[in-house]
Amino acid sequence: MAGWLALMLIVAIAGRETTRELNVFQIMEVRSALGLLMLYPLVRINGGFARMRTSRPLQHLCRNLIHYGAQLGWFFALTLIPLGQVVSIEFTMPIWTAILAASFLGERMTFGKIAAVLLGVIGVIVIVRPATGTVDPGQLIALAAAVGFGISVAMMKSLTRTERTLTIIFWMLVIQSAAGLFPSLYVWRWPTAYAWGWLVVIAFCGTFSHYCLARAMLHADAMVVLPMDFLRVPLTAAAGWLIYSERLDTWTVLGAALILSGNLLNLRTAPAVPVSATT
């Protein structure tokens, strides 16, 4: 999860920079195509394409089409509302994942898991301090993306029970490359050297962040793993302060403290999980 947090933080910054020049369909297609190239050495080391066969093609297809739509919404939202709002709204995702994991995967909603989600959501609200009034379309798009991510993560957790981590990531990249091919060709414009640099960063971090998340899901319940993702909110705020000179105020510090408290409580109350030998 530490790998997921670091890589996704970099993706958020790279996405903001890249969307200044390129359409989101093009960004998604290049990200998937480059991701496949970067993943190939791992595929080859682990037995080649023959080892990527799956007995659950329909679930891979559904999961990755939903995830593709959620990613598109996330990148679109980056162009409409501030980075901090996008990331904060995204953190309604564990709520949807918790409901799905409890309903369909048989996971127990313990006190620690519930407290982690509640403290995390309160922490996000404290940081964002949403004002009442008209709803920004970008916020609605970000919320829809969060719901999509929640469904996608719950389906990934189900896949980790029978599929290897590498197989899950391989089919994610293949399906999303195919889904975005024609839309990206329609809006294609050749990227500048600056944009190419950020596209490579998005491809690498986007691909291997999911590898980290899938490995984390293999070793723990979704509701043990996902509350740790709330740390991305204060980390994003800190990145905004360091890179874009955005002010780190008292509310952000308070919200970060609530988020961290929820994570620590969840980890203290979580049962020990045996380490699997699956690679």
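The rules we used
Note that residues are indexed from 1 along each chain, following the sequence as it is written. Where local features are concerned, this predicted model is filtered to residues with pLDDT of at least 70; where side-chain atom pairs are given and counted, the filter is 80 or more; whole-chain, interface and lining totals use all residues. Side-chain calculation: all heavy atoms of the structure are included, whereas hydrogens and water are not. Helix and strand labels come from DSSP, where a helix needs a run of H or I of at least four residues and a strand needs a run of E of at least two; each type is numbered from the N terminus. Each residue is placed in one exposure class: buried if its accessible area under a 1.4 Å probe, protein chains only, is under 20% of its type's maximum, exposed if it is over 50%, and partly exposed if it falls in between. Any two residues having at least one pair of non-hydrogen atoms within 4.5 Å are treated as being in contact. Multiplying one less than the number of residues by 1.5 Å gives the expected span of a helix. What the bend at a residue measures is the angle between two axes, fitted to the seven residues ending there and to the seven starting there. Count a disulfide wherever a pair of cysteine sulfur atoms falls within 2.5 Å. Here, axes are lines fitted to C-alpha atoms. For helices the fit covers the stretch in contact, and angles between N-to-C directions go from 0 to 180 degrees. Should an angle lie under 35 degrees it is considered roughly parallel, over 145 roughly antiparallel, and from 65 to 115 roughly perpendicular; all remaining angles are considered oblique. Note: crossing handedness is left-handed where the near helix turns anticlockwise from the far helix by less than a right angle, and right-handed where it turns clockwise.

Caption draft 1: Representation of the side chain of threonine 207 within the structure. Among the structural elements, threonine 207 can be located in helix H9 (residues 193-219). In this structure threonine 207 comes out as buried when scored by relative accessible area, which is 0%. If we ignore the near neighbours within four places in the chain, the residues touching threonine 207 are Arg31, Gly35, Leu39, Ile169, Leu173 and Ile202.

Caption draft 2: Region of the structure containing the environment of leucine 265. Here leucine 265 lies in helix H12 (residues 250-269). For the pair leucine 265 and alanine 115, spaced 150 residues apart in sequence, the C-alpha to C-alpha distance is 7.6 Å. In this structure, leucine 265 is in contact with Phe111 and Ala115, ignoring residues within four places of it in sequence.

Caption draft 3: Spotlight on helix H8 (residues 165-186). For H8, built from 22 residues, the straight-helix expectation of 32 Å at 1.5 Å per residue is met to within 8% by its first-to-last C-alpha distance of 33 Å. Considering bend angle alone, the principal kink of H8 is centred on glycine 180 and spans about 45 degrees; proline proline 183 follows within four residues of it.

Caption draft 4: Looking closely at the state of the cysteines. Following the criterion strictly, the structure yields zero disulfides and no others. Cysteine cysteine 212 is unpaired, with the sulfur of cysteine 205 as its nearest cysteine sulfur at 10.0 Å.

Caption draft 5: Quick peek at the packing of helix H7 (residues 137-159) against H9. One way to put it is that H7 packs onto H9 with a least axis distance of 9 Å and a crossing angle of 60 degrees. With respect to H9, the axis of H7 lies oblique. Crossing of H7 against H9: the hand is right-handed. Facing Val153, Met156 and Lys157 of H7, the residues of H9 in contact are His210, Leu213, Ala214 and Met217.

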